[in-house]
Amino acid sequence: MKKIFLIIALGIAALSASAQKPALNNLADSLSYYIGNTEGAYTGTSIRNNTSADPKFYNDCVAAMEYVFTLPDSADNYLAALKRAVELRTMVRQMQEQQGLDMDPAMFLAAFKEGLNNTNMSMDQIRAQVDMTQGLMKQAQEQAKARREAEIKAKSAENEAAGKAYVDALKKKDKKIATTTSGLSYKAVKKGKGATAKSTDKVKVHYTGKLIDGTVFDSSVERGEPATFSVAQLIPGFTEGLQLMNPGSKYTFYIPASIGYGDQGAGGKIEPGATLVFDVELLEILPEEQSKQ
C-alpha cells in the first residue's frame, strides 16, 4: 500500500512540475525555456552553496535579469559599458583586497571621466601612462609582499614562543622528556626490540600529528591504515625521531619549527613557526628488498 501511495505521490509531483512549464510550441520556445531554467538552476545552486551569500541575492538576480533583458537593442553600447564598469570595479576590489591598498573609488571614477573626455591625449601618452601604471602596480605588489612577509615573521615568532613555552612546561612536569641538540624533544612511551631505524630505511608506522592546542592535522590511526615512509624524506625532526626508535616502540615527538615546517607552515592548519606533536608507533622496519620498491 505504501508503495502505491509513493507512486501516486511521485506522479502528482511530476504532473505538478510539468504543469508549471509554459507551452513549448517550437524550437525557439524550448531553447528559451531550457537555457533560462538551467542557468537559473545553476545560479540558485551557487547561491545556496555559498554560505556567505546575501539572502537578497535571489531578488537582485531577478531584478538585474529583468532590467538587462528589457533594454532595447539600441542599448548595446550601454551594456558594453556596463560590462567594462563591472570589470574595472572588480579590478579595484581585488587590488584593495590582495595588495591591501586603500583605493578611493570616487577618485578612480573622477579620473576615469577625465580620461574619457580628454580628446587631446595621444596613443603615445596613453602608452606612457600604461607603463607608469604597471610600475606603480609592481611597487604595490612589492609592498604587499613585504607586508605579508612581516606578518608571517611576526606570526612565526609568536608561535615559536608559544611552542617553546608549551614544551618547557611539559618537561618540568615530566622528567622523561629529553631534548636533542637539534631541538627535538621526545618521550619514549614504550620501548621496542631490535635495531633502531636508519636514515636509509623505509618504515611502517602509525602516527597522529597534532598542534599544541590538540588539533589533529594528520593521522594514520584515524584513517585506519599504517603509513609507509622513507625515513630520510620526512621533515628533519621526524627523521631524527624515527632513528631513535626500534620496532614495537611508541614515542611522542615535540618538533619545533626549526626542524619542522619552519616559517612557511603547511596546509591550512599548520601555521608558520608551529610546534608539532607526533604520537608515533614504529610497526616495522621494512626489509631492504621492500624498501627498494
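Our subject is the structure that appears above.
Rules behind the numbers
- Residues numbered from 1 in each chain as written.
- Predicted model: local features only at pLDDT ≥ 70, side-chain atom pairs only at ≥ 80, totals over all residues.
- Heavy atoms only, no water.
- Pairing = 2+ DSSP bridges.
- Helix = DSSP H or I, 4+ residues; strand = E, 2+ residues; numbered from the N terminus.
- Buried < 20%, exposed > 50% of the residue type's maximum accessible area, 1.4 Å probe, protein only.
- Phe/Tyr/Trp six-rings, centres within 6.5 Å; stacked < 30°, edge-to-face > 60°.
- Salt bridge = Lys/Arg side-chain N within 4 Å of Asp/Glu carboxyl O.

A. Main features of the pairing of strand β7 (residues 276–285). With nine bridges connecting them, strand β3 (residues 202–211) and β7 associate as antiparallel partners. Of the residues in β7, the one forming a bridge with H206 is E281. The pairing of strand β6 (residues 250–255) with β7 spans six bridges and is classified as antiparallel. Across the sheet, I255 pairs through a bridge with L276, a residue of β7.

B. Expanded view of the pairing of β6. Counting buried positions along β6 gives five out of six residues, so the element sits mostly inside the fold. The pairing of strand β2 (residues 185–190) with β6 spans five bridges and is antiparallel. Bridging from a neighbouring strand, K187 pairs with T252 of β6.

C. Main features of the packing of aromatic side chains. Summed over all chains, the structure comprises eleven aromatic pairs. Residues Y186 and Y251 carry aromatic rings whose centres are separated by 6.0 Å and whose planes lie at 15° to one another, so their mutual orientation is stacked. On the criterion of sequence distance, the pair formed by Y186 in strand β2 and Y251 in strand β6 is long-range, its members being 65 residues apart. Under the relative-accessibility criterion, Y251 is labelled buried at 4%. Grouping aromatic residues by their ring pairs yields a cluster made of Y186, Y207, F217, F229, F238, Y251, F253 and F278.

D. Just the pattern of salt bridges, in detail. A full pass over the atoms with the stated rule returns ten salt bridges. Residue E87 is joined to R84 by a salt bridge in which the shortest nitrogen-to-oxygen separation is 3.2 Å. Taken together, the residues E87 and R84, both in helix α4 (residues 76–98) and three residues apart, mark about one turn of the helix. Using a relative accessible area of 34% as the deciding quantity, one classes E87 as partly exposed. When the shortest N-O distance is used, the salt bridge between D279 and K210 registers 3.1 Å. Of this pair, D279 sits in strand β7 while K210 is found in strand β3, placing the two residues 69 residues apart along the sequence. In this structure K210 comes out as partly exposed when scored by relative accessible area, which is 23%. The structure contains a network of salt bridges with shared partners spanning K83, R84 and E87.

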